[in-house]
Amino acid sequence: MPGSAPDSAHDPDKGTGRGADTATGRDADRPAPGPSRRTALRTASAAASAAFLLPVIAAAPAARADQPPSGGAPAPSPDGSGALQRAFAAAAKEHRVPLSVLLGVSYLQSRWDGHRGAPSVTGGYGPMHLTDAFTALSAAPHHSRGTEDARGDQARPLRVPEASVPEPRRLPARLRTLDRAAELTGLSAAALRGDVAANVRGGAALLAAEQKKLGLPPSEDPADWYAAVAAYSGADSATAAAVFADDVYDVIRGGAARTTGDGERVTLDAAPQVAADRRQLRSLGLPDPKRDPHVEAPDNVSCEWIPAPYEQFGDNDYGNHDLGNRPLSQMIDYIVIHDTEGSWDTTIKLVQDPTYVSWQYTLRSSDGHIAQHVPLKDVAWHAGNWYVNAKSIGLEHEGFLTAPDAWYTEAMYRSSARLVKWLARRYGIPLDRQHILGHDNVPGTTATTIKGMHTDPGPYWDWAHYFSLLGAPFHRTAGASGGLVTIRPDYDTNQPVYTGCEQAGQECVPHGSSAVRLHTAPSDDAPLVKDIGLRPDGADSTTGVNDTGARATTGQQFAVAGRQGDWTAIWYLGQQAWFHNPRRRPTAVHGKGLVVTPKAGLAEVPVYGRAYPEKEAYPEGVPVQAVSPLPYKLLAGQRYALGLRTQGEYLWATTFDESGHIVVRGQDIYYQIQFGHRVAFVRAADVRVRRSGR
């Protein structure tokens, strides 16, 4: 892996969850799962699908193991004795905290990364994620931004909701730990934010203060620090605190080693004999409510039930979701990853507003705690595309920076991965990037909605690490003649210049990224490819952090359109797009699978943002929904990776009384393809399916 060795950390998948014994019901009239429905055309993802059935035994397996090392980052100390390792040792000694405890807590917060002083999505700084959210509040949560209609159904348009965020003085203590660290150490806030050694000292001071507050001695035995570790999470329930602490002690027992984005090698030696005193948890006095029976989540996460309302209001209006009977009524094909761009407390308040929008789960940054809001059988309003909403589950990850695309905590990554893995098992959802989508991968429904679609979680979400936690890392599946590539740059050393994180045109702080940039020719000096959906006037794509027009992201598969030197071309939005992919530092791996191409005799075929039925399928009383093509074309000779095969389908749900809801199914078959940064659909009647390497 260029400039950095793969992570190694023990992370047993605690418990099997409850998905294994959950039957997936289906309509008797509906085709059985297989080639006639969802991705039996799964040749390209067979390895990943098999991988997720196996237990996860490592927090971050070598997702990029076949990438050779390079000189792109500072050479790490082979014995883990670099400046950062020494800073941990010095802080542990100064504050009489066991080194393994300090390293374990830091790993669960940041995987030991300082991120060059850039804050996390919840205003946390440095390896210890010391929070200073006062300077990081956004103007409003992201469902309140732009013009996207989160419901995405033209039969019942939803106004863009209005919302506000709390004043900084009302922020909870878990978002203000940097102030407390400054009081304890005498270090300035600036030093705690920007100097990694100072940051580690601040975190050690917080742990020592918690141990003292609990009336416990500064023991040299890591097992005696369980309550202090649990308290560090800032969790407000015993279950959430215990999940965080258990994860820390799993890392301590299994050990870990990682080279950070700054080239610092950090090592935590395994201590399998450590048996934490979990009885200490009672001393925190945290509430420990029984899990609500409405909760649908695995046993190895902390999850509570905070229901979204289903209420009538105004003039025949209702919200904030639709009742359903999934998967009997409709299959669940997608899980959509969002970030909230609002604090936990604000987000929880908003999802309880019947006039707002909805999603199934919210995840908290500091400890990975989850709240479920909408039953999985029901349809939440979150993706901006009604077809996707009706067939998906939405996860909102807490994050509220003015610069929204920053880094995310390890605790939240792990909790999210456990939940997604459980959901995938329950509903038979393949663990690949055609089914596990970012909000920024969901297509606009029509030409007029493309520009308003949201762009979270953005280029800084670490898809490679996330899929490693899911047990489905991205591997090479073919040689150079396979015909596909899977995008997979090394996250830490891949740092393309982005602009607009804080001010338009201003460069963002350099940071690892999951995305590669796409050009019109094999040169960094060549213009970026254009997206006529985003810019109908033909204007150029930009380096803006929220501009997805010329971007391919980790895990996405594209058909190879050419190679020249260190550059690879792919088919993208109806054109050839080139990205830098040098042999010694590859940013993609070879793959194979199924692709679609126009049928013989067709110069071009239309591309769609939703897979709606033909007009003849609609019963009396249900208005026909237009099958409107997007402004792109799939041209003869081009090929695109096939993700799934689906029957045309539309959920008619415009009334509070669910008895009037109807699922319309047609005869038209669609293929979902990786067309650009967002997925898209083509009619099976317009294309032929072939193997990628032929």
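Note that residues are indexed from 1 along each chain, following the sequence as it is written. Local features in this predicted model are restricted to residues of pLDDT 70 or higher, and side-chain atom pairs are both shown and tallied only at a pLDDT of 80 or more, whereas totals for entire chains, interfaces and linings draw on every residue. As a rule here, side-chain values come from all non-hydrogen atoms in the structure, and water together with hydrogens is ignored.

**Thoughts on the overall build of the protein**
Selection rule: Secondary structure counts use DSSP, requiring at least four H or I residues in a row for a helix and at least two E residues in a row for a strand, with both numbered from the N terminus. Three labels apply to residues, based on accessible area from a 1.4 Å probe with only protein chains included: buried if under 20% of the type maximum, exposed if over 50%, partly exposed otherwise in between. Throughout, a residue-residue contact means that at least one pair of heavy atoms, one from each residue, lies within 4.5 Å. Only the protein chains shown count as cover for residues, and all accessible areas are computed by the Shrake-Rupley method using a 1.4 Å probe.
When you go through the protein residue by residue, the secondary structure sums to twelve helices and 29 strands. Within the protein, the proportion of its 694 residues that are buried is 63%. For the protein, long-range pairs separated by at least 24 residues make up 74% of all intrachain contacts whose partners lie at least 6 apart in sequence. Accessible area of the protein: about 24,600 Å², with a carbon and sulfur share of 52%.

**Here's the deal with the packing of helix H3 (residues 99-110) against helix H11 (residues 410-427)**
Rule in force here: All axes here are fitted lines through C-alpha atoms, helices being fitted over the stretch that makes contact, and every angle between N-to-C directions spans 0 to 180 degrees. Small angles under 35 degrees read as roughly parallel and large ones over 145 as roughly antiparallel, with 65 to 115 read as roughly perpendicular and the rest as oblique. Side-chain classes are defined by residue name, with Ala, Val, Leu, Ile, Met, Phe, Trp, Tyr, Cys and Pro counting as nonpolar, Asp, Glu, Lys and Arg as charged, and the others, Gly among them, as polar.
Axis separation between H3 and H11 bottoms out at 4 Å; the angle between their running directions is 65°. Here H3 is positioned roughly perpendicular relative to H11, judged by the angle of their axes. Side by side, H3 and H11 meet where Tyr-107, Leu-108 and Gln-109 of the first sit next to Glu-410, Ala-411 and Arg-414 of the second. Grouping the constituent residues of the contact of H3 with H11 by class yields three nonpolar, one polar and two charged.

**Observations regarding the state of the cysteines**
Our working definition: Pairs of cysteine sulfur atoms within 2.5 Å are what we label disulfides.
Counted under the stated rule, the structure contains one disulfide. A sulfur-sulfur distance of 2.2 Å marks the disulfide that ties Cys-501 to Cys-508. Taking the sign of the torsion about the S-S bond as the criterion, the disulfide between Cys-501 and Cys-508, at about 100°, is right-handed. Like Cys-508, Cys-501 is buried.

**Here we look at the nonpolar core**
As a reminder, the rule being used: Joining through side-chain atoms within 4.5 Å is the link that ties buried Ala, Val, Leu, Ile, Met, Phe, Trp, Tyr and Cys residues into a set, and such a set is a nonpolar core.
Counting 52 residues, the largest nonpolar core has Val-101, Leu-102, Val-229 and Tyr-249 as the members making the most contacts within it. Of all the elements, helix H8 (residues 238-254) adds the most residues to this core, at ten residues. In contact with Val-101, other than residues within four places in its own chain, are Leu-207, Pro-222, Trp-225, Val-229, Tyr-249 and Ile-252. Grouped together as the second largest cluster of nonpolar side chains are 43 residues, Leu-534, Val-560, Ala-561 and Ala-588 included.

**Side note on the packing of H3 against H8**
Definition in use: The handedness criterion is simple: a crossing whose near helix is rotated anticlockwise from the far helix by less than a right angle is left-handed, and one whose near helix is rotated clockwise is right-handed.
Axis separation between H3 and H8 bottoms out at 9 Å; the angle between their running directions is 120°. When you trace H3 past H8, the crossing you get is right-handed. Note on element contacts: H8 touches H3 through Phe-244, Asp-247, Val-248, Tyr-249, Val-251 and Ile-252, opposite Ser-100, Val-101, Gly-104, Val-105, Tyr-107, Leu-108 and Gln-109. Grouping the constituent residues of the contact of H3 with H8 by class yields nine nonpolar, three polar and one charged.

**Comments concerning the packing of aromatic side chains**
The condition that has to hold: Classification of ring pairs rests on two measures: the distance between centres of Phe, Tyr or Trp rings, Trp counted by its six-membered ring, which must be within 6.5 Å, and the angle between planes, read as stacked under 30 degrees, edge-to-face over 60 and tilted in between. Two conditions define a charge sitting above a ring: the NZ of Lys or the CZ of Arg must be within 6 Å of the ring centre, and it must be within 35 degrees of the ring normal.
The final tally for this structure, using the stated rule, is 25 aromatic pairs. With 6.1 Å between their ring centres and 70° between their planes, Tyr-318 and Phe-656 make a pair best called edge-to-face. Remark: Phe-656 occurs in the loop between strand S26 (640-652) and strand S27 (662-674) and Tyr-318 occurs in strand S8 (residues 317-319); sequence separation between them is 338 residues. Given the relative accessible area of 1%, Tyr-318 is considered buried. An aromatic cluster is built from Tyr-408, Tyr-413, Trp-461, Trp-463, Tyr-466, Phe-467 and Phe-474, whose rings are joined through pairwise contacts. Directly above the aromatic system of Tyr-125 lies the positively charged group of Arg-193, at a separation of 6.0 Å from the ring centroid. Residue placement shows Arg-517 over the ring face of Tyr-498; its charged tip is 4.9 Å from the ring centre.

**Quick look at empty space enclosed by the protein**
This is how it is decided: Grid points spaced at 1 Å over the protein atoms alone were grouped into cavities, where a 1.4 Å probe fits but cannot get out, and pockets, open sets with protein on both sides within 12 Å along at least five of seven lines, with lining residues defined by an atom within 4 Å of a point. Grid points are joined across faces, edges and corners, and a volume is the space filled by probe spheres set on the points.
Under the definition given, this model contains ten cavities of 30 Å³ or more. In this structure, the largest cavity occupies an estimated 150 Å³ of space. Surrounding the largest cavity, 16 residues form its lining, Ile-450, Asp-531, Leu-573, Tyr-632 and Arg-678 being those nearest its centre. Elements supplying a minimum of two residues to the lining of the largest cavity: strand S25 (629-635) and strand S28 (679-683). Counted by class, the lining of the largest cavity contains ten nonpolar, four polar and two charged residues.

**Some details on H8**
Our working definition: In this analysis, the expected span of each helix is defined as 1.5 Å times one less than the number of residues it contains.
Here H8 spans 24 Å end to end across 17 residues, near enough to the 24 Å set by a 1.5 Å rise per residue. Counting buried residues in H8 gives 14 out of 17 residues, a clear majority hidden from the surface.

**Details of the confidence of the model for the protein**
Just so we agree on the cut-off: pLDDT is a per-residue confidence score from the predictor, ranging from 0 to 100.
Averaged over every residue, the pLDDT of the protein is 86; the share at 70 or more is 83%. Below pLDDT 50 for its whole length, residues 10-79 participates in 176 contacts with residues either more than four positions away or in separate chains. Contacts of residues 136-141 to residues separated by more than four positions or lying in other chains number 30 contacts, the stretch itself having pLDDT below 50.

**Section: helix H9 (residues 344-351)**
Extensive coverage of H9 is indicated by the burial of six of its eight residues. Taken together, the buried positions of H9 are occupied by Trp-344, Thr-346, Thr-347, Ile-348, Leu-350 and Val-351. Taken together, the buried residues of H9 touch strand S6 (303-305), strand S11 (361-363) and strand S12 (370-372).

**Section: the sheet that holds strand S21 (residues 575-580)**
Quick note on the threshold: Each pair of strands is called paired provided DSSP finds at least two bridges between the two strands.
As summarised here, the arrangement of the five strands in space is S21-S20-S19-S16-S22, forming an open sheet in which the pairing is antiparallel. Whereas interior strands pair on both sides, the edge strands pair on one side only; in this sheet they are S21 and strand S22 (588-591). Between one strand and the next, the sheet's axes are offset by a mean angle of 45°, whatever the strand orientation. Taken together, the six bridges between strand S20 (residues 567-572) and S21 define a ladder with antiparallel strand orientation. Residue pairing across strands places Ala-569 opposite Trp-578, the latter belonging to S21.

**Digging into the environment of Ala-390**
Take Ala-390: it is sitting in helix H10 (residues 386-390). Given the relative accessible area of 2%, Ala-390 is considered buried. Taking the C-alpha atoms as reference points, Ala-390 and Asp-378, twelve residues apart in sequence, are found 8.4 Å from one another. Apart from the residues within four sequence positions on either side, Ala-390 is in contact with Arg-326, Gln-330, Val-379 and Leu-651.

**Some words on the pairing of S26**
When you tally the buried positions in S26, you get twelve out of 13 residues, the bulk of the element. In this structure, strand S23 (residues 594-598) lies alongside S26, joined through two bridges in antiparallel fashion. Among the inter-strand pairings, Val-595 is bridged to a residue of S26, identified as Ala-641. Looking at chain direction, S26 and S27 are connected through nine bridges and run antiparallel.

**What to know about the pattern of salt bridges**
Which entries qualify depends on this criterion: Salt bridge, as used here, is a side-chain nitrogen of Lys or Arg placed within 4 Å of a carboxyl oxygen of Asp or Glu.
Counted under the stated rule, the structure contains 27 salt bridges. Where Arg-116 meets Asp-262, a salt bridge forms, and the shortest distance between an N and an O atom there is 3.2 Å. Of this pair, Arg-116 sits in the loop between H3 and strand S2 (124-125) while Asp-262 sits in the loop between strand S4 (256-259) and strand S5 (265-268), and the two are 146 residues apart along the sequence. Here Arg-116 falls in the partly exposed class, since its relative accessible area comes to 46%. Assessed through its relative accessible area of 31%, Asp-262 is described here as partly exposed. A salt bridge links Asp-686 to Arg-683, with the nearest nitrogen and oxygen atoms 3.4 Å apart.

**Some thoughts on the sheet that holds strand S15 (residues 436-438)**
Taken together, the six strands give an open sheet; going across it, the order is S6-S12-S11-S14-S10-S15, and neighbouring strands pair in mixed fashion. For this open sheet the edge positions go to S6 and S15, each flanked by a neighbour on one side alone. Neighbour to neighbour, the strand axes of the sheet diverge by 25° on average, direction disregarded. Pairing of S6 with S12, which is carried by three bridges, proceeds in the parallel orientation. Residue pairing for S12: Glu-304 is matched across the bridge by Ala-371.

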